[in-house]
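Understanding the architecture of this molecule
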Amino acid sequence: QVQLQESGPGLVKPSQTLSLTCTVSGDSITTTYYAWSWIRQPPGKGLEWMGVISFDGSTYSNPSLKSRTSISRDTFKNQFSLQLSSMTPDDTAVYYCARGYWSVAGKAYDYWGQGTQVTVSS
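Scoring rules and cut-offs
Residues numbered from 1 in each chain as written. Predicted model: local features only at pLDDT ≥ 70, side-chain atom pairs only at ≥ 80, totals over all residues. Heavy atoms only, no water. Helix = DSSP H or I, 4+ residues; strand = E, 2+ residues; numbered from the N terminus. Rg over C-alpha atoms; globule rule 2.2 N^0.38 Å. Disulfide = S-S within 2.5 Å. Buried < 20%, exposed > 50% of the residue type's maximum accessible area, 1.4 Å probe, protein only. Patch = residues over 30% accessible without salt bridge, like charges linked within 9 Å, V, L, I, M, F, W, Y side chains within 5 Å. Areas by Shrake-Rupley, 256 points an atom, 1.4 Å probe, with all protein chains shown as cover. Salt bridge = Lys/Arg side-chain N within 4 Å of Asp/Glu carboxyl O. Pairing = 2+ DSSP bridges.

So, on to the overall build of the protein. Within the protein, the regular secondary structure consists of zero helices and eleven strands. When the helices and strands of the protein are listed from N to C terminus, the series reads β-β-β-β-β-β-β-β-β-β-β. The globule rule puts the C-alpha radius of gyration for 122 residues at 14 Å, and the 13 Å found for the protein is close to it. Each principal axis of the C-alpha distribution contributes one length, and for the protein these read about 40 × 25 × 25 Å.

Here it is, written out as structure tokens:
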């Protein structure tokens, strides 16, 4: 059984950087051939794939967010993280981490975290 859990601040001020961590249990984030994604859902809108880090450490980001997004991992803690800079109220959303097979990363997932609400407000 694979479990993912997001953690980080629930409130971020405009212009600040969001830092979220996904803690994975039941599988190693280096296991071939899986990839680990960040997805978000603004209120009243659909899911938006943000980016991914693969089992080998390679990263890819949604072109609309690439300039503000950084994804990294800590293999010793079995965690991967998201940093999103220059936050605005439009970044208010529920943020999820999820696992997917590497060839369909950004398209399909088999395990999800429960999600964490992030609100951008002064």
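Taken as a whole and assessed by the stated rule, the structure comprises one disulfide. Each disulfide pairs two cysteine sulfurs, and for Cys22 the partner residue is Cys97, the sulfurs being separated by 2.1 Å. Sign of the S-S torsion, about 70° for the bond between Cys22 and Cys97, identifies this disulfide as right-handed. With Cys22 in strand E3 (residues 18-25) and Cys97 in strand E9 (residues 93-101), the pair connects residues that are 75 residues apart, well separated along the chain. The class for Cys22 is buried, based on a relative accessible area of 0%.

Let's shift gears to a nonpolar patch on the surface. On the surface, a nonpolar cluster with roughly 400 Å² of combined accessible area is contributed by Tyr33, Tyr101, Trp102 and Val104. Within the element layout of this structure, Val104 appears in the loop between E9 and strand E10 (111-112).

Here E3 shows a buried face lined by Leu18, Leu20, Cys22 and Val24 and an unburied face lined by Ser19, Thr21, Thr23 and Ser25. The pairing of strand E1 (residues 3-7) with E3 spans five bridges and is classified as antiparallel. Among the inter-strand pairings, Gln5 is bridged to a residue of E3, identified as Thr23. With six bridges joining them, E3 and strand E8 (residues 79-84) adopt antiparallel strand pairing. Across the sheet, residue Cys22 finds its bridge partner in E8, namely Phe80.

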